[in-house]
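# Examination of the molecular architecture
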Amino acid sequence: MEGVFDNYEPLLRPFLTCIDWEQIENDKYMPRPQKGLDPEIDEILARMDAIKVGMRALLEKVRRKFDSDRIVFASNRKYRHQLEVPHEVAERVEADDNFFVTTRLKGVRRFLCSELSNLTTSMNDEEQLYKARISPLIRDMFERFYQAREHWLNAVKCMAEVDALCALADIS
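Attention in this report is confined to the structure presented alongside it. (Residues numbered from 1 in each chain as written. Predicted model: local features only at pLDDT ≥ 70, side-chain atom pairs only at ≥ 80, totals over all residues. Heavy atoms only, no water.)

### Focus: the overall build of the protein
In terms of helices and strands, the protein carries 6 helices and 4 strands. Ordered by position from the N terminus, the helices and strands of the protein form the series α-α-α-β-β-α-β-β-α-α. Computed over the C-alpha atoms, the radius of gyration of the protein is 25 Å, more than 25% above the 16 Å expected from 2.2 N^0.38 for a compact globule of 172 residues. Viewed in the frame of its principal axes, the protein has a C-alpha envelope of about 80 × 45 × 25 Å. Within the protein, the proportion of its 172 residues that are buried is 33%. Pairs at least 24 residues apart make up 52% of the contacts formed inside the protein by residues separated by at least 6 positions. In the structure as shown, the protein presents an accessible area of about 12,000 Å², 55% of it carried by carbon and sulfur atoms. The distance from the centre of the 26 positive side-chain charges to the centre of the 31 negative ones in the protein is 8 Å. (Helix = DSSP H or I, 4+ residues; strand = E, 2+ residues; numbered from the N terminus. Rg over C-alpha atoms; globule rule 2.2 N^0.38 Å. Buried < 20%, exposed > 50% of the residue type's maximum accessible area, 1.4 Å probe, protein only. Contact = heavy atoms within 4.5 Å. Areas by Shrake-Rupley, 256 points an atom, 1.4 Å probe, with all protein chains shown as cover. Lys, Arg positive; Asp, Glu negative; His and termini not counted. Charge placed at Lys NZ, Arg CZ, Asp CG, Glu CD.)

### Let's talk about the sheet that holds strand 3 (residues 99-105)
Two strands in a sheet stick together by hydrogen bonds in their backbones, pointing the same way (parallel) or opposite ways (antiparallel). Spatially, the 4 strands line up as an open sheet ordered 1-2-4-3, and their pairing is antiparallel. With one partner strand each, in any of the chains shown, strand 1 (72-74) and strand 3 form the two edges of the open sheet. Geometrically, the sheet is characterised by an average inter-axis angle of 40° between neighbouring strands, direction not taken into account. When strand 3 meets strand 4 (residues 108-113), the two strands line up antiparallel, connected through 6 bridges. (Pairing = 2+ DSSP bridges. Axes fitted to C-alpha atoms, helices over the stretch in contact; angles between N-to-C directions.)

### Things to note about the side chain of Arg110
One can find Arg110 in strand 4. On the accessibility criterion, Arg110 (13% relative accessible area) is buried. Within polar-contact distance, the side chain of Arg110 engages the side chain of Glu84 at 2.8 Å. Among all residues touching Arg110, those that are not within four sequence positions of it are Ala74, Ser75, Asn76, Gln82, Leu83, Glu84, Phe100, Val101, Thr102, Thr103 and Leu105. (Polar contact = N/O pair within 3.5 Å; in protein donor to acceptor, adjacent residues only side chain to side chain.)

### Considering the nonpolar core
Grouped together as the largest cluster of nonpolar side chains are 27 residues, with contacts concentrated most on Ile71, Phe99 and Tyr130. Taken together, the elements giving at least two residues each to this core come down to helix 3 (39-66), strand 2 (82-86), helix 4 (87-95), strand 4 and helix 5 (114-147). A total of 10 residues in this core trace back to one element, the largest contributor, which is helix 3. If near-sequence neighbours (up to four positions away) are discounted, Phe99 is found in contact with Val62, Lys65, Phe66, Leu83, Val93, Phe111, Leu112 and Cys113. (Core = buried A, V, L, I, M, F, W, Y, C linked by side-chain atoms within 4.5 Å.)

Structural data, given as structure tokens:
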């Protein structure tokens, strides 16, 4: 006797393996295709990773320069990446001609420098390239998913019937 449920594993396998689902949480829910799926996307992601390394290196350099591990990255609507500096270190940073104040808050000040601005601009450019390149890939995934719509409709129909039978069993 053959069941009414199809074997969905061969249909789902390409969707499970083409995106690095664990990486999505690390990248603020930006889908990241598996390496090798699209060489151009791989290059863009490599450049984005290099920019992130550059930003971390800049943060470490600033921390060493001003001798404070409490300097961190912060953002707001106007500036995506800023250096948030505790008040006790802020005077020394403000005296440095390479930094300018963007925001003054209670206990901290936020600063920008040309190197951070350049890195942020580069990251924005790469993200735009990535979004333009990832859209056709995702569209193709949805198209392949839709091509198997008869299988998905069958699964929904079976689950609806099971749900109805469970509800009837519950009240009888």
